[in-house]
Every structure is written in C-alpha cells, then in structure tokens.
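# Breakdown of the fold
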Amino acid sequence: MLDTKKLVTVGLLIAIDVVLTRFFSFQTPIVRLTFNFIAIAVTGALYGPLTAGIAAALADIIGMLLFPYGTFFPGFTLSAFLRGAAYGAIFHNRKIDIKSIILASAIVAFVIGLGITSLWLNMTTGTPYFKLVQVRAIPNLITFGAQVLILSVILDRIVKTGKSILKSY
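These notes cover the structure that comes with them. Numbers given for residues are sequential positions, taken from 1 along each chain in its written order. Two thresholds apply to this predicted model, a pLDDT of at least 70 for residue-level local features and 80 or more for giving and counting side-chain atom pairs, whereas whole-chain, interface and lining totals are computed over all residues. Excluding hydrogens and water, the side-chain values take into account all heavy atoms of the structure.

Let's shift gears to the overall build of the protein chain. Numbering of helices and strands runs from the N terminus, with a helix taken as a DSSP run of H or I at least four residues long and a strand as a DSSP run of E at least two residues long. The helix and strand tally for the protein chain stands at six helices and two strands. Ordered by position from N to C terminus, the α and β elements of the protein chain give α-β-β-α-α-α-α-α. In terms of overall size, the protein chain behaves like a compact globule, its C-alpha atoms giving a radius of gyration of 15 Å where 169 residues would be expected to give roughly 15 Å. For the protein chain, the spread of C-alpha atoms along the three principal axes comes to 50 × 35 × 25 Å. Residue contacts are defined here by distance: any two heavy atoms, one from each residue, within 4.5 Å place the two residues in contact. Long-range pairs, those at least 24 residues apart, make up 68% of the contacts in the protein chain with a sequence separation of at least 6. For the area figures, the Shrake-Rupley method with a 1.4 Å probe applies, and any residue is considered shielded solely by the protein chains shown. As displayed, the protein chain offers around 9,100 Å² of accessible surface, 73% of which is attributable to carbon and sulfur atoms. Under this rule, positive means Lys or Arg and negative means Asp or Glu; His and the chain ends count for nothing. A single reference atom marks each charge: NZ on Lys, CZ on Arg, CG on Asp, CD on Glu. In the protein chain, 14 positive and 5 negative side-chain charges are present, and the distance between their average locations comes to 4 Å. Every radius of gyration here is taken over C-alpha atoms, with the globule rule written as 2.2 Å times N^0.38, N being the number of residues.

This part covers the packing of aromatic side chains. Any pair of Phe, Tyr and Trp rings, taking the six-membered ring for Trp, is counted once the centres come within 6.5 Å. Such a pair is stacked with planes under 30 degrees apart, edge-to-face with planes over 60 apart, and tilted for the rest. Inspection of the entire model under this criterion finds seven aromatic pairs. With centroids separated by 6.5 Å and ring planes inclined at 40°, the aromatic side chains of Phe-35 and Phe-37 adopt a geometry described as tilted. A centroid spacing of 5.2 Å and a plane angle of 85° characterise the contact between Tyr-129 and Phe-130, whose relative ring orientation is edge-to-face. Buried residues are those whose accessible area, probed at 1.4 Å on protein chains only, stays under 20% of the maximum for their type, while exposed residues exceed 50% and partly exposed ones sit between those limits. Taking relative accessible area as the criterion, Tyr-129 reaches 26% and is therefore assigned partly exposed. Three or more aromatic residues joined by ring pairs form one cluster here, namely Phe-73, Phe-76 and Trp-120.

By nonpolar core we mean a set of buried residues, namely Ala, Val, Leu, Ile, Met, Phe, Trp, Tyr and Cys, connected to one another through side-chain atoms within 4.5 Å. Leu-46, Tyr-87, Phe-91, Ile-96, Leu-151 and Leu-155 are the most contacted members of the largest nonpolar core, which totals 33 residues. Here this core gets nine residues from one element, more than from any other, and that element is helix α2 (residues 37-47). For Tyr-87, the residues in contact, after removing those within four places along its chain, are Phe-37, Ile-40, Ala-41, Gly-44, His-92, Ala-104, Val-108, Gln-147 and Leu-151.

Another aspect to go through is the packing of α2 against helix α3 (residues 49-66). Contact geometry for α2 and α3: axes closest at 7 Å, N-to-C directions at 150°. One finds that α2 runs roughly antiparallel with respect to α3. When the axes of α2 and α3 are compared, the crossing they make is right-handed. Where α2 approaches α3, its residues Ile-40, Thr-43, Gly-44 and Tyr-47 are matched on the opposing element by Pro-49, Thr-51, Ala-52, Ala-55 and Ala-56. Residues are grouped as follows: Ala, Val, Leu, Ile, Met, Phe, Trp, Tyr, Cys and Pro are nonpolar; Asp, Glu, Lys and Arg are charged; all remaining types, including Gly, are polar. A per-class count over the contact of α2 with α3 returns six nonpolar, three polar and no charged. Lines are fitted to the C-alpha atoms to define the axes, a helix being fitted only along its stretch in contact, and any angle between axes, read from their N-to-C directions, falls within 0 to 180 degrees. Each angle gets one of four labels, with under 35 degrees taken as roughly parallel, over 145 as roughly antiparallel, 65 to 115 as roughly perpendicular, and the rest as oblique. Each crossing is labelled by how the near helix is turned from the far one, with a counterclockwise turn of less than a right angle marking it left-handed and a clockwise turn marking it right-handed.

So, about the side chain of Ser-100. With respect to the helices and strands, the residue Ser-100 is situated in helix α5 (residues 98-125). Those residues in contact with Ser-100 that lie beyond four places of it in its chain are Ile-90, Phe-91 and Lys-95.

Next up on the list: unusual backbone geometry. The backbone of Asn-93 sits at a positive phi, close to 55°, despite the residue not being glycine. Relative to the assigned elements, Asn-93 resides in the loop between α4 (74-91) and α5. Looking at Asn-93, the relative accessible area reads 62%, which means it is exposed.

Laid out in structure tokens, this is it:
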C-alpha cells in the first residue's frame, strides 16, 4: 500500500542514494565504489524487496537524468533493481545480523556487481567478459568488505530508529 509516509520516506532514501552515488563515489568506466548501498539496504529493510528494487531503479534513472555519466543502458537499471530486491528479500521483517549482512553483501557484490554488471559492461564496451571479471574482482571484494563492515555497524540502528520515527507520525 502506498501511503504518504512511505512515499516521502522512499523519496528521501532515493535522494540519498542519488547523492551518495553521484557525489560520494569513485568511478571509472568499469568500476564504481560508492556508499549508496546504505540507502538501498535501509529501503529494503523497511519496505521489502519490491519497493527497494523499484526505489533503486528509480534512483539509477534519476541519477542518470540529473547527472549523466556515459550513456544510459537499461541493464544497469536492472542491476540496481536486483540490488534493492536482494536487500529487501534478506532484511525485511527479519533479524539483521552478521550472517544476513554477509549474505546480502555477497549477493550484491559478487552475483550482481561482479557477474551481472560485468555482462552489461561487456555489452556496452565490448571488453571481453572474463577480462572485466578479472579487473573488477578486487574492487568488488573491497566493496563486499566495506558493505559488511558498514552495514554491521549502522544498519540495525538506522532501521530501528527509522521504524520508531515512522510509528510516531
């Protein structure tokens, strides 16, 4: 159900995602290191896989429209949707512990980030798939470690605080 609180909260989390992706990231044509996973993980924990997937896809589209980098390719938007859906499937209405954080971060970093996104990069740049995987393996490993560390420190607290604030309104 789409109510005003949910719409405003998801809109704010989309805006945070766009800002973290476009202004607080390191990006090359084949690797991007960013903190936007925090906003999408919170969206997933609060609202579930479908809402988080849609929010991540919208953040990707809005970010591309407002701050274009390269050409738009719908595969990257699909990857964004899958990241949000993964966080939502693993965190929503479940205990957020180190096991769930490791699982979600592994799926996002290795299955989606290294596997699927490398396929999109192969299609858009013509670089051989396995060469992309080789080049992107270390950055994705670093991303995985950073996500596990950051999410294990802040995610549960942010979600509990967010739920408390949302209940009070």
